Amino acid sequence: MALDLKEMFSDFKNGLWAENPIIRLVIGMCPTLAVTNTTENGLAMGLATSFVLISSEIVISLIKKLIPANVRIPSYILIIATFVTFVDYFLKAFYPGIAESLSIFVPLIVVNCLILGRQEAFASQHSTPRAIADGVGMGLGFTWVLVLLGAIREFFGMGSIFGLTLLGEWYRPMVIMVLPAGAFITLGILVGIMNYISREGK
Amino acid sequence: MEKNSKKAMIITLATIGIISALLLSFVYEWTTPYIQANQAQKQKQAINEVLPGVVEVKKVEKNGNIFYEGYDANGNRVGVAFTSTGGGYNGVIEVMIGVNLEQNQIYKISILNHQETPGLGARITGKEFKSNFNNQPFGNYNVVKTPPSKEMQVQAIAGATISSESVTEIIESGLDKVTSAYGGGN
């Protein structure tokens, strides 16, 4: 099996921009909107999701020929749930602070449609190296948008980024930015800007 | 064996399920001690935060509630710490309260768990709000929106009146618990 690096690179790049899960495919909205009230939460959520995505893409691309088509969705969910439970325990044991702030959204990674979607659309039809490239690309694509969203919301909502206060006492935080409404507003504006940029490029 | 036969489907799902369960039981074994240590650590820190100068803590059960009695180096009881929970704005809030039963006074409080809005209600964990309760006598508190001018007043966090009132109520109900358990009022 020859590794086609060019093909792998294009799979990887795909997730970063052209088919970015949040701004292009608009999937995985629940964690996107819910946990991006701080930069740190966005980063942790992005990395946790990426880990689950990459691991399950590897496993599923390896055993795709063994799974009967009729039970492929329950099989994928089982595999995804295993990795999610692993992440949940791992965070609780070694990063209790992050586990607490992400709370229920860690177990909910199981139902993030980004992960199941990539198994169905990609890992189950491509070789393992290409599935890894896709997983890393999609994972990073998901993570950078979450971090950006978290940074914007934390900056305007609390005057800080990664918990570091950037704006002094004079700044009156726009509280709406850390509330759910702020997530919708920021995401909407962000998607608008991204669409504008890619249209200009054509 | 045919690929989509019932047998193939059952075997596939069962195999994946068994392997997953096996792997997760290892992960569980590996992480549980750390998770329990984290929780114990958190609780210990909270007890030390709300009881001053305590060197030894004894766990006692009274009326079905758990209390942590704190003793100083001479073996005198400094005070009692206990948790009290109740509903907040977003979810359950758990508060650790340290009290001086001899003088019917609160020493300090500490927030163990909460799901309040970051930047607003979450400020119940801040020193500014918690210090409202420092050395307050037992009783019913009034939540006010200006700096407290007399005893029994608690200054609400701006924009988070519900969270502030919830914590106050949780503390009031906790105080009832401790006074009834220790036959308070004397």
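Since the structure is predicted, the reported quantities are computational estimates derived from the model, not experimental observations.

Definitions and cut-offs
Residues numbered from 1 in each chain as written. Chains lettered and ligands numbered in written order. Predicted model: local features only at pLDDT ≥ 70, side-chain atom pairs only at ≥ 80, totals over all residues. Heavy atoms only, no water. Helix = DSSP H or I, 4+ residues; strand = E, 2+ residues; numbered from the N terminus. Rg over C-alpha atoms; globule rule 2.2 N^0.38 Å. Buried < 20%, exposed > 50% of the residue type's maximum accessible area, 1.4 Å probe, protein only. Contact = heavy atoms within 4.5 Å. Areas by Shrake-Rupley, 256 points an atom, 1.4 Å probe, with all protein chains shown as cover. Lys, Arg positive; Asp, Glu negative; His and termini not counted. Charge placed at Lys NZ, Arg CZ, Asp CG, Glu CD. Pairing = 2+ DSSP bridges. Axes fitted to C-alpha atoms, helices over the stretch in contact; angles between N-to-C directions. Expected span 1.5 Å × (residues − 1). Salt bridge = Lys/Arg side-chain N within 4 Å of Asp/Glu carboxyl O. UniProt positions renumbered as here; feature names shortened; annotations may be inferred. Core = buried A, V, L, I, M, F, W, Y, C linked by side-chain atoms within 4.5 Å.

A. Looking closely at the overall build of chain A. Along its length, chain A carries 8 helices and 2 strands. Counted from the first residue to the last, chain A has its helices and strands arranged as α-α-α-α-α-α-α-β-β-α. A compact globule built from 202 residues should have a C-alpha radius of gyration of about 17 Å, and chain A, at 18 Å, falls within 12% of that. Each principal axis of the C-alpha atoms in chain A carries an extent, and together these give about 60 × 45 × 25 Å. Per-residue burial over chain A gives 47% buried out of 202 residues. Within chain A, residue pairs in contact and separated by at least 24 positions form 76% of the contacts whose partners lie at least 6 positions apart. Of the roughly 9600 Å² that chain A leaves accessible, carbon and sulfur atoms contribute 71%. Distance between charge centres in chain A, computed from 13 positive and 13 negative side chains, equals 7 Å.

B. Summary view of the sheet that holds strand 4 (residues 92-100) of chain B. Residue and element names in this part refer to chain B. Across the sheet, 5 strands lie side by side as 1-2-3-4-5; this open sheet has antiparallel pairing. Bordering the open sheet on either side are strand 1 (56-62) and strand 5 (105-113), each of which pairs with just one other strand. Each neighbouring strand pair of the sheet contributes to a mean axis angle of 25°, computed without reference to strand direction. Both strand 4 and strand 5 contribute to a ladder of 7 bridges, which runs antiparallel. Bridging across to strand 5, Ile97 finds its partner in Ile109. Packed onto the sheet, helix 1 (residues 6-50) meets strand 1, strand 2 (65-71), strand 3 (77-87), strand 4 and strand 5 and runs at close to 155° relative to strand 5.

C. Region of the structure containing helix 3 (residues 161-181) of chain B. Residues and elements named next belong to chain B. Here helix 3 spans 30 Å end to end across 21 residues, near enough to the 30 Å set by a 1.5 Å rise per residue. Along helix 3, the positions that sit buried rather than exposed are Ser163, Ser164, Ser166, Val167, Thr168, Ile170, Ile171, Glu172, Gly174, Leu175, Val178 and Ala181. Immediately beyond the C-terminal end of helix 3, within one or two residues, lies Gly183, with a positive phi of roughly 55°.

D. Representation of the pattern of salt bridges in the model. Applying the stated criterion to the full structure yields 10 salt bridges over all chains. With its nearest N and O atoms 4.0 Å apart, the salt bridge here joins Glu19 of chain A to Arg118 of chain A. Note that Glu19 of chain A is positioned in the loop between helix 1 (5-16) and helix 2 (29-34) and Arg118 of chain A in helix 6 (residues 113-123), a separation of 99 residues in sequence. On the accessibility criterion, Arg118 of chain A (7% relative accessible area) is buried. Between Arg77 of chain B and Glu69 of chain B there is a salt bridge, with the nearest N and O atoms lying 3.8 Å from each other. Residues participating in the shared-partner salt-bridge network are Glu7, Asp11 and Arg130 of chain A.

E. Local environment of the UniProt feature "domain: FMN-binding" (unreviewed entry) in chain B. Per the UniProt record, "domain: FMN-binding" (unreviewed entry) is found at residues 88-178 of chain B. Span residues 88-178 of chain B is 24% helix and 26% strand, its end C-alpha atoms 21 Å apart.

F. Local environment of the pairing of strand 3 of chain B. All names here are of chain B. In this structure, strand 2 lies alongside strand 3, joined through 5 bridges in antiparallel fashion. Residue pairing for strand 3: Gly70 is matched across the bridge by Gly79. Counting the residues in the hairpin turn of strand 3 and strand 4 gives 4 residues.

G. Highlighting the nonpolar core. Among the nonpolar cores identified, the biggest contains 40 residues, and Met45, Val52, Leu102 and Ile109 of chain A are the most heavily contacted of them. Looking at this core, the elements that each hand over two or more residues are helix 3 (39-63), helix 4 (72-94), helix 5 (96-102), helix 6, helix 7 (128-158) and helix 8 (180-201) of chain A together with helix 1 of chain B. Once residues within four sequence positions are removed from consideration, Val52 of chain A is found in contact with Ile80, Phe83, Val84, Val87, Ile109 and Ile115 of chain A. Grouped together as the second largest cluster of nonpolar side chains are 28 residues, Val80, Ile124, Val167 and Ala181 of chain B included.

H. Examining the UniProt feature "modified residue: FMN phosphoryl threonine" (unreviewed entry) in chain B more closely. Summarizing the sequence annotation, UniProt attributes the feature "modified residue: FMN phosphoryl threonine" (unreviewed entry) to Thr161 of chain B in the numbering used throughout. Look at Thr161 of chain B and you get partly exposed, because its relative accessible area is 24%.

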